[in-house]
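Overview (structure and organization)
Below are the chains, spelled out letter by letter.
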Amino acid sequence: MSEPALALRGLAKSFGGARALDGVDLTVGAREIHGLLGHNGSGKSTLVKILSGYHAPDAGAGLHLHGEALRLPLSLAEQRARGLAFVHQNLGLAPQISVLENMRIVEITAARRPWIDWRAQRRAALASLQQFGLAIDADQPVSTLSPVERALVAIVRAFVAIDSTRSGRQLHGLLVLDEPTPFLARDDVERLFRLMRQVVAEGASVLFISHDLDEILEITDRATVLRDGRVAGTFETKATVRDAIVALIAGHPRVATVNADGAGVAARRAATAKAALAFEIRGLAGPQLQDFDLTLRRGEIVGLTGLLGSGYERVLHHLFGAAPALRGTLRAAGVPLELAGQTPAAAVRAGLAFLPGDRQGASGAGGLPVLDNFLVPDLARFVRGGRLDWRRMRAHAGGLATRHRVRPVDLDMKLASLSGGNAQKVLLAKWLDIAPRLLLLEEPTQGVDVGAREDLWQAIREIAAAGTVVLCASSDLEQLEALCDRVLVFARGRCRAEVRRDALSKQELLRQCYAAVAA
Amino acid sequence: MSGDPSARSPLATFVERFALVGAWLLVIAVFSVLLPGSFFTWQNFAVMFASQAPAALLALALIVPLTCGDYDLSGGATVTLAAVILGVMNVVHQQPIGLALWVALGAGVLVGALNAFFIIYVRIPSLVVTLGTASVVTGFVQWLSDSSTISGLDGGFVDWIIIRQLFGISYAFYVAALVAAALWYLFEYTPLGRRMLFVGKSREVARLNGIRVDHVRAGALVASSVLATMAGIVYAGVLGSADPFSGLNFLLPAFAAAFLGATSIKPGRFNAWGTFIAVYFLASGITGLSMFGIPLWVTSVFNGAALIVAVTLSQFARGRAESDLG
């Protein structure tokens, strides 16, 4: 038996006070396909980022690649020399450029010769495609490929990088696939698996990160489950069943799950049950969402969740008109609003507000001051005698900053120079300030420190208590447990289950997420 | 651009805001000492203020779409289009000047609407579209004017633009100053101005905050062409004739003034008074140099070098951070 392809010992990583990884051991054998599982916050992505050199681990971690002891973090050159290659979820392909150029990008751009030998590059690219039996035209741009073909091209490219380190006839190497499959259909997954088996047949090993238990059960030899930054268990796939894996991912229910605001939520829930109908969503459908219906009552906080690629967050985008819906109706107080032609401007007029997950790219203008970001949803209210009354605007924004505990209170500071938590407070406060009737939140506390997280939750609870309906799309199950009256669980673009407050716990949601995919 | 202005002292902020004004005063002072009899005369300043009014109007026109993140390279051609329409209608076809003015403004709206159609509806980058319309309009202007200057514009019109004076300066200057004031008000004191700013910083952020990005951008492009038309009208008035050739000569200095202006008054943003001052700063330098009998090519060097030096200084003041502009 040869040395394992990867042996990690005592891997730990803290961010500020929070421990993302706490003494993780992981061994991937030679010619093994090893699965890595774990829910949001389990430390999975931190582990991959340490392995790829993006983060440095805390002191004391040990790494062996094929028996050779190495120090983390590895430089790109060290990774290449040791046959360590990554395919991340975004695949790292340039869509406008041909398959050939994408596959040979390193050789083309790093060549020492002042000219490019296109015939040799073409020969090499075609040979790799042929080796894995891929009938893909190397001259077409990547953008014309189907999603699975893009993933296949990215994997073949990564394999070629590993293959180039072949010494003699022995191929070492580890291919890390970081969720390249969440949007693929069943037949496409088969193609991907065939390719992975070929890669292993050539002598390399694969670390396969996925949310999909069926995929893990089908393709891996062994798998490791991370939970709360530790290894919850490692198992032989053949000797394991689904429920056992779900139990590992979810962990044991905490005995004393006392919600910080349990009493408040319960009281509000009682009020909600009696409250008037506020919104009805009927027949909402989009490219990744099918026939979604939902009835919302005043003051309700409803969670939307599912595994990566299940399409739950699309509901928010379609309701607000951020991404076009194919069809569907939103009935607000009896007035129907066609969602196929929905625009954000019309949505705001109808009393909707949307806080996207992409803070800098979609929520707020990082290059503009906090003041402008606070007041942008409705400036007309500050017009006095035909002009904006800056004194009132400052006073109003200053009040918002104080009320929502934004630090520092400096309205002229650019939004981008605030911390994540403070920027998010500004962006949430901006919408709360115009008292929306339906507030759409996408991962409202992602990348936010613990204190700010509590503040944001409190603000969300308060606006709901005042009658606003809140829809919160999140993969952070702890957050959904803390906030929601009920949570809808999605899989493959459909709502599969509803978890009500009395049954709502992180563990139950996890079980439902995985059960929904299997259904 | 770097971090927060609050981290800098009020003095540093003041220096950055008014450095361009200081540079302008310095240029005036230097040439006044060197050329007391010719440069430092009211006559010289009055002529400069009036003759640069078309350039100021065009630079102001450009900052409207620039604030929304779009380039309008057709502005220079639109200046000559407006001038030539006045010439052809009023002189060649003997139509009343009032009618000619309306037709010129209508042509400006048309150019802006064409730009907006291709940029926003067809979704072609503004640089590409306006490069194309600039060339098309330039060609059209040459056909319309038979490639020759048309003189003999309506006396009353010319009188109003350049002969009549208020406080010793022709009306032409006040037209430009009024437009600068209007744009300053638009950017600083109206919700629309704030919306334009968001659109320019990030279209997606603006859209998801309920701003109708397409409407704002289209409006800015049409406004830009209309203001360029006004620049052409004033230009025809200042010359007393319609010159079909100067479009491109206007365009590059106007862009230089727009970017130069964005280093002062409201540093980091295109702003009306910064642009207005930048036009006259460049004009003062060039007037002084030309009085020394320095050859024409120095004009181009001065325009370009002043722009690069100013923007470089401003970047160093900000620690060479990523620029907000363009």
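Everything here concerns the structure above.
Residues numbered from 1 in each chain as written. Chains lettered and ligands numbered in written order. Predicted model: local features only at pLDDT ≥ 70, side-chain atom pairs only at ≥ 80, totals over all residues. Heavy atoms only, no water.

A closer look at the overall build of chain A
Helix and strand counts for chain A come out as 19 helices and 22 strands. At 25 Å, chain A has a C-alpha radius of gyration in line with the 24 Å of a compact globule built from 519 residues. By residue count, 54% of the 519 residues in chain A fall in the buried class. Sequence separation of at least 24 residues holds for 67% of the intrachain contacts in chain A that already meet a minimum separation of 6. When the accessible area of chain A is evaluated, it comes to approximately 22,100 Å², of which 51% is carbon and sulfur surface. Once the 63 positive and 55 negative side-chain charges of chain A are each reduced to a mean point, those two points are 3 Å apart. (Helix = DSSP H or I, 4+ residues; strand = E, 2+ residues; numbered from the N terminus. Rg over C-alpha atoms; globule rule 2.2 N^0.38 Å. Buried < 20%, exposed > 50% of the residue type's maximum accessible area, 1.4 Å probe, protein only. Contact = heavy atoms within 4.5 Å. Areas by Shrake-Rupley, 256 points an atom, 1.4 Å probe, with all protein chains shown as cover. Lys, Arg positive; Asp, Glu negative; His and termini not counted. Charge placed at Lys NZ, Arg CZ, Asp CG, Glu CD.)

Notes on the packing of helix α6 (residues 147-163) of chain A against helix α7 (residues 186-201) of chain A
Residue and element names in this part refer to chain A. Orientation of α6 relative to α7, taken along the N-to-C sense of each, is 10°, at an axis distance of 10 Å. What the angle tells us is that α6 and α7 run roughly parallel. Residues Val148, Glu149, Ala151, Leu152, Ile155, Val156 and Phe159 of α6 pack against Asp188, Arg191, Leu192, Leu195 and Val199 of α7. (Axes fitted to C-alpha atoms, helices over the stretch in contact; angles between N-to-C directions. Parallel < 35°, antiparallel > 145°, perpendicular 65-115°, else oblique.)

Description of the packing of helix α8 (residues 171-189) of chain B against helix α9 (residues 191-201) of chain B
Residue and element names in this part refer to chain B. Relative orientation of the contacting elements α8 and α9 amounts to 75°, with a least axis distance of 5 Å. Taken together, the axes of α8 and α9 lie roughly perpendicular to each other. Of the residues in α9, those in contact with Leu186, Phe187, Glu188 and Tyr189 of α8 are Pro191, Leu192, Gly193, Arg194 and Met196. A breakdown of the residues in the contact of α8 with α9 according to their chemical character gives six nonpolar, one polar and two charged. (Nonpolar A, V, L, I, M, F, W, Y, C, P; charged D, E, K, R; others polar.)

Observations regarding the packing of aromatic side chains
Within the structure shown, the criterion is met by 26 aromatic pairs over all chains. Clustering of aromatic rings is evident, with ring pairs tying together Phe49(B), Phe173(B), Tyr174(B), Trp273(B), Phe276(B) and Tyr280(B). We note Arg387(A) situated over the ring of Tyr189(B); from NZ or CZ to the ring centre the distance is 3.9 Å. (Phe/Tyr/Trp six-rings, centres within 6.5 Å; stacked < 30°, edge-to-face > 60°. Lys NZ or Arg CZ within 6 Å of the ring centre and 35° of its normal.)

A few points about the pattern of salt bridges
With the rule as written, the count across this model stands at 30 salt bridges over all chains. A salt bridge links Arg453(A) to Glu478(A); its shortest N-O distance comes to 3.6 Å. In this pair, Arg453(A) sits in helix α17 (residues 450-465) while Glu478(A) sits in helix α18 (residues 477-483), placing the two residues 25 residues apart along the sequence. The buried category is assigned to Arg453(A), whose relative accessible area is 14%. Between Asp70(B) and Arg203(B) there is a salt bridge, with the nearest N and O atoms lying 3.3 Å from each other. You can see Asp70(B) sitting in the loop between α3 (53-67) and α4 (75-92) and its partner Arg203(B) sitting in helix α10 (residues 203-208), a full 133 residues away along the chain. Connected through shared salt-bridge partners, Asp228(A), Arg453(A), Asp476(A), Glu478(A) and Lys506(A) make up one network. (Salt bridge = Lys/Arg side-chain N within 4 Å of Asp/Glu carboxyl O.)

Considering the side chain of Ser284(B)
Residue and element names in this part refer to chain B. Position of Ser284 relative to the elements: it lies in helix α13 (residues 272-291). For Ser284, a relative accessible area of 0% corresponds to the buried category. Side-chain polar atoms of Ser284 contact the backbone oxygen of Tyr280, separated by 2.7 Å. When residues no more than four places from it in sequence are discounted, the contact partners of Ser284 are Trp24, Val27, Ile28, Phe31, Phe39 and Met48. (Polar contact = N/O pair within 3.5 Å; in protein donor to acceptor, adjacent residues only side chain to side chain.)

Some words on the interface of chain A and chain B
Contacts between the two partners involve 37 residues from chain A, matched on the other side by 25 residues from chain B. A combined buried area of about 2,400 Å² lies between chain A and chain B, and 63% of that area is made up of carbon and sulfur atoms. Its largest share of buried area at the contact with chain B, chain A owes to Leu368(A), Val376(A) and Lys414(A), together 21% of the area lost on that side. Viewed at the interface, chain B and chain A are joined by one salt bridge. (Buried area = accessible area lost by both parts, 1.4 Å probe.)

Focus: the environment of Ala69(A)
Summarising the element assignment, Ala69(A) is placed in strand β5 (residues 68-70). For the pair formed by Ala69(A) and Ala7(A), sequence separation is 62 residues and the distance between their alpha carbons is 9.2 Å.

Some details on the pairing of strand β22 (residues 494-500) of chain A
Residues and elements named next belong to chain A. The sheet contact formed by strand β21 (residues 486-491) and β22 spans six bridges and is antiparallel. Across the sheet, the residue bridging to Val487 is Val499, located in β22. Once β21 ends, the chain turns through two residues before running back antiparallel as β22, passing Arg492 with a positive phi of about 45°. (Pairing = 2+ DSSP bridges.)

Brief notes about the sheet that holds strand β6 (residues 84-87) of chain A
Residue and element names in this part refer to chain A. Reading across from one edge, β6-β7-β8-β3-β9-β10 is the order of the six strands in this open sheet, with mixed pairing throughout. Where the open sheet ends on each side, the last strands, each with one partner, are β6 and β10 (230-236). On average, adjacent strands in this sheet sit at an angle of 20° to one another, irrespective of strand direction. As paired elements, strand β3 (residues 33-37) and strand β8 (residues 205-209) share four bridges and run parallel to each other. Following the sheet pairing, His34 is matched in β8 by Leu207. In the packing of α6 onto the sheet, contacts are made with β6 and β7 (174-178), and the angle to β6 comes to roughly 170°. Most of the contacts of α7 go to β8, to which it runs at about 150°, and overall it touches β3, β7 and β8.

Here's the deal with the environment of Gln95(B)
All names here are of chain B. You can see Gln95 is positioned in the loop between α4 and α5 (97-121). Using a relative accessible area of 31% as the deciding quantity, one classes Gln95 as partly exposed. Apart from residues lying up to four places away in sequence, Gln95 is in contact with Met89 and Asn90.

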